[in-house]
Amino acid sequence: MIGKLKGTVDEIGEDHVIVDVHGVGYVVFCSARTLSNMPDPGEAVVLLIETYVREDLLRLFGFGTALEREWFRLLQSVQGIGAKVALSVLGTLTPSDLANAIALRDIAMVSRAPGVGKRVAERIVTELKNKAPAFAGEALGTIGLKQELGEGVAPASVTDAVSALTNLGYSRDQAANAIAAAMKDAGENADSAKLIRLGLKELSR
């Protein structure tokens, strides 16, 4: 089982990179985001690897961070999600954006990924909302949302609460992160008043 590759970039393809490790070229499939951050051919690279072995197939998937690899595994726990769709999601959204989208039930953001329609995005949000609290917690503490929350993107109570906090002078990212954290305590059906109160408490820490 291969868990990590350390070598030089030999070639970068549309959906893969060939990593030369002491003269052996490994074909590693990666997300578009990982490929865009790949060093130039001839330069050193380190990739964390997820190895898939079947009777007629051995395929390597590469990631720049352990968090990205964990999300790759987690996404495939969702019914109907395979490696290709998981890479598509991670190529469109950073792990932090994905965690925030799930915390805020932002189906529109998840469905931005190629090959992910509304139904698939709904399954991702629904099935992972209770499975990924650790990932959401890490993301909410570091990187804010990149997307403006609008009508129909998240529940009205969420957008109203975010709007209220921004009107108080907080940035969009600060407000979205605070409300996402508040939802973890209050539940997804909490009204805007409760979210605003918990959001302000979060911001005062």
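As a reminder, the structure under discussion sits directly above these lines.
Calculation notes
Residues numbered from 1 in each chain as written. Predicted model: local features only at pLDDT ≥ 70, side-chain atom pairs only at ≥ 80, totals over all residues. Heavy atoms only, no water. Helix = DSSP H or I, 4+ residues; strand = E, 2+ residues; numbered from the N terminus. Buried < 20%, exposed > 50% of the residue type's maximum accessible area, 1.4 Å probe, protein only. Contact = heavy atoms within 4.5 Å. Areas by Shrake-Rupley, 256 points an atom, 1.4 Å probe, with all protein chains shown as cover. Expected span 1.5 Å × (residues − 1). Axes fitted to C-alpha atoms, helices over the stretch in contact; angles between N-to-C directions. Parallel < 35°, antiparallel > 145°, perpendicular 65-115°, else oblique. Left-handed = near helix turned anticlockwise from the far one by under 90°. Nonpolar A, V, L, I, M, F, W, Y, C, P; charged D, E, K, R; others polar. Phe/Tyr/Trp six-rings, centres within 6.5 Å; stacked < 30°, edge-to-face > 60°.

I would appreciate a short explanation of the overall build of the chain in the present structure.
For the chain, the count of helices and strands is ten helices and five strands. The buried share among the 205 residues of the chain stands at 44%. A sequence separation of at least 24 residues applies to 55% of the contacts in the chain between residues at least 6 apart. Just so you have it, the chain exposes about 10,500 Å², and 49% of that area is on carbon and sulfur atoms.

Teacher, can you tell me more about helix α8 (residues 156-167) here?
Between the first and last C-alpha of α8 there are 16 Å, a value that for twelve residues agrees with the 16 Å anticipated at 1.5 Å per step. Buried within α8 are the following residues: S157, V158, T159, A161, V162 and L165. Contacts from the buried residues of α8 go to α9 (172-186) and α10 (192-203).

Teacher, can you tell me more about the packing of α8 against α9 here?
Angle between the axes and distance between the axes are the two parameters that describe a pair of packed helices. Interhelical geometry of α8 versus α9 gives an angle of 135° and a closest axis separation of 9 Å. Taken together, the axes of α8 and α9 are oblique relative to one another. Judged by the sense of rotation from one axis to the other, the crossing of α8 with α9 is right-handed. Contact residues: V158, A161, V162, S163, L165 and T166 in α8; R172, A175, A176, A178, I179 and M183 in α9. Tallied by class, the residues present in the contact of α8 with α9 amount to nine nonpolar, two polar and one charged.

Got a minute to help me understand the packing of aromatic side chains in this structure?
Counted according to the given criterion, the structure contains five aromatic pairs. A centroid spacing of 5.0 Å and a plane angle of 65° characterise the contact between Y52 and F61, whose relative ring orientation is edge-to-face. Relative accessible area serves as the criterion here: at 5%, F61 is assigned to the buried category. Ring geometry for F61 against F72: centres 5.2 Å apart, planes inclined by 40°, an arrangement best described as tilted.

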